[in-house]
Amino acid sequence: MSSTSDLTSSPQRLPLAAHLPPMGVFDHYRRTIGGVERTHWQVIYLKSQGKRIAEIASVTGYSEPWIVEVIRRYNEYGPDAFVDQPESTVVTLAQHRDLKRQSAELNTASRAQREMLAVSLPDHPELDIAAFQRSASEVGGDYYDFNLTDDGSLTLAIGDATGHGTRAGMMVVATKTLFTTFAGQGSLLDLIRQMSRILKRLNLRATYMHLTLGRYHQGRLDLTGGGMPPALVYRSESGQVEEVAVKGAPPGSFTGFPYSVQSVFLAPGDVALMVSDGLTELMSPSGEMFQSDRVRCLLAELARTRSSDIIEGIRQAGLAWRAECELKDDVTMIVLKRR
């Protein structure tokens, strides 16, 4: 029988630390797309399947000393810090602690943002409303919101901040604050001008909020803003899907931009769909985009179902399209269906 010292001293019998269960290792390997990370996770995955060092070398073509080093690094630093990046061949314990601290801070920021941005769907007598959002990073850059006044006017927002991370998150928080403060006051043009003017003053340095604002009242949907994909409107009478392009500058990018309003009338059974470009730009494993034409077809197929079913049908189609590949951008959708 081999002793513990035999196991640690013999490269061929080098054990793998139980940082993750085998399925957890496989999940990391399957989802990793960067060349450097993927080679490292391939070694760890094969080792988790009980392969010996020589067998891993035979399968992968990597040298045995390098394979041993990868496994030892995984055992010492864990799954979050063992990958040997080209510009730094050693991750010190201090750096590892910094990575853990930064990760904890991002998780805290992500949780705080989710709690602040949590939105209850309004109960409108004329509309069946559904919404969906999925962030690609810890701190998201997409945003949606609603404001329902006593006279039945529903004001909505759907936006996409430029970039990702902390600065985009700050833009989202600022937009949320402004919408909450001003959405029930004045006209839609007053709202977009006020929000744009204040966002410009914040001077977040090349960070803008691509935004569509909408207001629904008694069948009429007004839209304004800039930088977002066109809204799609399904007509129940004809079964056709129309595009409503809202052309303008992203709020906060220019002072005094001359915004305009596009108006559509929603008859009973008509559906309005607004999305962020994270949906239309979903990438397949072969690098092909999901694109707006596919979204139009899905809306036409699903429009006679409930708003929540429309969202779920598009979501499932997006999942199938990217085949579990990493989400590169936030995805947000709003559906309004006239009852």
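Predicted model only: the values in this text are computed from it and were never measured.

What counts, and at which threshold
Residues numbered from 1 in each chain as written. Predicted model: local features only at pLDDT ≥ 70, side-chain atom pairs only at ≥ 80, totals over all residues. Heavy atoms only, no water. Helix = DSSP H or I, 4+ residues; strand = E, 2+ residues; numbered from the N terminus. Buried < 20%, exposed > 50% of the residue type's maximum accessible area, 1.4 Å probe, protein only. Polar contact = N/O pair within 3.5 Å; in protein donor to acceptor, adjacent residues only side chain to side chain. Contact = heavy atoms within 4.5 Å. pLDDT = per-residue confidence, 0-100. 1 Å grid on protein atoms, 1.4 Å probe; cavity = no way out; pocket = protein on both sides within 12 Å on 5 of 7 lines; lining within 4 Å. Points joined across faces, edges and corners; volume = space filled by probe spheres on them. Nonpolar A, V, L, I, M, F, W, Y, C, P; charged D, E, K, R; others polar.

(A) Fine view of the side chain of Thr-332. Tracing the sequence through the fold places Thr-332 in strand β10 (residues 331–338). Here Thr-332 falls in the buried class, since its relative accessible area comes to 0%. At 3.2 Å, the side chain of Thr-332 and the side chain of Gln-133 are in polar contact. Only 2.8 Å separates the side chain of Thr-332 from the side chain of Asp-142, close enough to count as a polar contact. Excluding residues that lie within four positions of it along the chain, Thr-332 makes contacts with Phe-132, Gln-133, Asp-142, Tyr-143, Tyr-144, Ile-158, Met-274, Val-275 and Ser-276.

(B) How the structure looks around the confidence of the model for the chain. Per-chain confidence: the chain averages 83 in pLDDT, with 83% of residues scoring 70 or above. Across the chain, element-level confidence peaks in strand β6 (residues 231–234) with a mean pLDDT of 98 and bottoms out in helix α1 (residues 4–9) with 34. Note that pLDDT drops below 50 for residues 1–9; the model gives that stretch six contacts with residues more than four away or on any other chain. Low pLDDT, under 50, characterises residues 86–91; the predicted model gives this stretch nine contacts beyond four residues in sequence or across chains.

(C) Geometry of empty space enclosed by the protein. In the structure shown here, the tally under the stated rule is two cavities of 30 Å³ or more. By volume, the largest cavity amounts to about 130 Å³. Together, Phe-132, Arg-134, Leu-279, Leu-282, Ile-314, Arg-315, Gly-318, Leu-319, Arg-322, Leu-327, Val-331 and Met-333 line the largest cavity. Going through the elements one at a time, β1 (127–134), α11 (307–322) and β10 are the ones with two or more residues in the lining of the largest cavity. The element contributing the most residues to the lining of the largest cavity is α11, with five residues. Each residue belonging to the lining of the largest cavity can be placed in one class, and the counts come to eight nonpolar, one polar and three charged. For the second largest cavity, the calculated volume is near 30 Å³.

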